[in-house]
Amino acid sequence: MHALTYNLSWASQAGIAAGSEADFVRACQRAERDCFANALATLKSLREKVDVAGFQEVELADAIPRLQGSLPRLDSAYRACVWSYDLNKMISSVVMWNSATLGPSIWSSSFDLDVGRPVGMVVTKSPSGKRYLLIVAHFPWVDSEPKLSAVERAIAVHMPVAKVLGSDYVPIVMADTNDATTLIHAARPLRLGKASVHQ
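Residues numbered from 1 in each chain as written. Predicted model: local features only at pLDDT ≥ 70, side-chain atom pairs only at ≥ 80, totals over all residues. Heavy atoms only, no water.

So, the pairing of strand 4 (residues 89-97)
To keep things clear, this is the line we draw: Three labels apply to residues, based on accessible area from a 1.4 Å probe with only protein chains included: buried if under 20% of the type maximum, exposed if over 50%, partly exposed otherwise in between. Runs of E in the DSSP output that reach at least two residues are strands. Runs of H or I that reach at least four are helices, and both are numbered from the N terminus. Two strands qualify as a pair provided that DSSP identifies no fewer than 2 bridges between them.
The buried fraction of strand 4 amounts to seven of the nine residues, a majority that puts the element mostly inside the structure. Pairing of strand 2 (residues 52-56) with strand 4, which is carried by four bridges, proceeds in the antiparallel orientation. Counterpart to G54 in the pairing with strand 4 is V95. Summarising the sheet, strand 3 (residues 76-84) and strand 4 pair through nine bridges and their orientation is antiparallel. Across the sheet, residue A77 finds its bridge partner in strand 4, namely M96. The hairpin turn running from strand 3 into strand 4, its antiparallel successor, is four residues long, and N88 in that turn takes a positive phi close to 55 degrees.

Following this line, the structure appears as structure tokens:
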């Protein structure tokens, strides 16, 4: 099973030098390069290798078909949207998966981890009956243990019930953790239900 996570940068998609990616967008503009188109081309090179992908900062309304154009094996998608009052618009993350491997969605949910930081959870049931919990998340800046613990608690509150998950599910977490100080590591993994993941 091969998973991918990628923050697409809303500013890059919109072609606007703003937010934390302003320098990146300006560099793209100086080079007369469409960096979102380049991202799609890079994803296309992985088309046979990826079974599930999570994308943060999905700005464009047509992003899912464009992403599926690059990753056609990922035939199922869920867009997790939250409203940002600060920006006066919807903010979204997307999880995409190969339904032949992971099966169809049997449950899904979205919530706001922090202002404009969407989390999407999807439970799938594969043809063999195995269940997968797919989590796509865009964390707020995590620069202290209390902030990391708050993220874990917020996600735990929204976890699907055992009846939906079953007892033998496989968690797959695809997140932009904004963990600049490497709080999440092998000795202190991120704990999400039965999943413990680190960078």
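After that view of the structure, there is still more to cover.
Description of the sheet that holds strand 4
Strand pairs in the sheet, formed through backbone hydrogen bonds, run parallel or antiparallel to each other. Which entries qualify depends on this criterion: As a rule, the C-alpha atoms of each element are fitted with a line to give its axis, helices using only the stretch in contact, and angles between N-to-C directions run from 0 to 180 degrees.
Strand order in this open sheet of four strands is 1-2-4-3, and the pairing throughout is mixed. Every interior strand has two partners, whereas the edge strands, strand 1 (3-7) and strand 3, have only one. On average, adjacent strands in this sheet sit at an angle of 15 degrees to one another, irrespective of strand direction. With five bridges connecting them, strand 1 and strand 2 associate as parallel partners.

Here we look at the sheet that holds strand 6 (residues 118-125)
This is how it is decided: In what follows, residue pairs with any heavy atoms lying within 4.5 Å of each other are defined as contacts.
One open sheet holds the four strands; their spatial order is 5-6-7-8, and the pairing between them is mixed. Looking at strand neighbours, the two that pair on one side only are strand 5 (105-112) and strand 8 (170-176), the edges of this open sheet. If you compare each strand with its neighbour and ignore which way they point, the axes differ by 10 degrees on average. Across seven bridges, the pairing between strand 7 (residues 131-138) and strand 8 is parallel. Pairing of L134 across the sheet is with I172, part of strand 8. Across the sheet, helix 6 (residues 145-158) is in contact with strand 5 and strand 6; its angle to strand 5 comes to roughly 140 degrees.

Examining the nonpolar core
Note the cut-off: Only buried Ala, Val, Leu, Ile, Met, Phe, Trp, Tyr and Cys residues count toward a nonpolar core, and they belong to the same one when joined by side-chain atoms within 4.5 Å.
If you look at the biggest cluster of nonpolar residues, it comprises 23 residues, and the most contacted ones within it are L113, V119, M121, L133, I135, F139 and I155. Of all the secondary-structure elements, those providing two or more residues to this core are strand 6, strand 7, helix 6, helix 7 (162-165) and strand 9 (190-192).

Structural notes on helix 2 (residues 22-30)
Keep this limit in mind: The arc in question is traced by the directions running from the helix axis to the C-beta atoms.
Those residues of helix 2 not exposed but buried are A22, V25 and C28. Seen along its axis, helix 2 keeps its buried residues to an arc of 125 degrees; they face one direction. Exposed residues pointing more than 90 degrees away from the buried face of helix 2 are listed as D23 and R30. In the segment just after helix 2, E32 is the residue with positive phi, at about 55 degrees.

Looking at the packing of helix 3 (residues 35-44) against helix 4 (residues 63-70)
Defined as follows: We call two directions roughly parallel when the angle between them is under 35 degrees, roughly antiparallel when it is over 145, roughly perpendicular when it lies between 65 and 115, and oblique otherwise. Amino acids are sorted into nonpolar (Ala, Val, Leu, Ile, Met, Phe, Trp, Tyr, Cys and Pro), charged (Asp, Glu, Lys and Arg) and polar (every other residue, Gly among them).
In contact at an axis separation of 7 Å, helix 3 and helix 4 are set at 40 degrees when each is read in the N-to-C sense. Overall, the two elements helix 3 and helix 4 adopt an arrangement that is oblique. Contact with helix 3, carried on its side by F36, L40, L43 and K44, involves R66, L67, G69 and S70 of helix 4 and no other residues of that element. By residue class, the composition of the contact of helix 3 with helix 4 is four nonpolar, two polar and two charged.

Describing the pattern of salt bridges
So the rule is basically this: When a carboxyl oxygen of Asp or Glu lies within 4 Å of a side-chain nitrogen of Lys or Arg, that pair is called a salt bridge.
Counted according to the given criterion, the structure contains eight salt bridges. D51 serves as the salt-bridge partner of R73, at 3.2 Å between the closest nitrogen and oxygen. Of the two residues, R73 sits in the loop between helix 4 and strand 3 while D51 sits in the loop between helix 3 and strand 2, which places them 22 residues apart along the sequence. Using a relative accessible area of 10% as the deciding quantity, one classes D51 as buried. Among the salt bridges present, the one from K147 reaches D143, with a minimum N-O distance of 2.9 Å. Given a relative accessible area of 39%, K147 falls into the partly exposed group.

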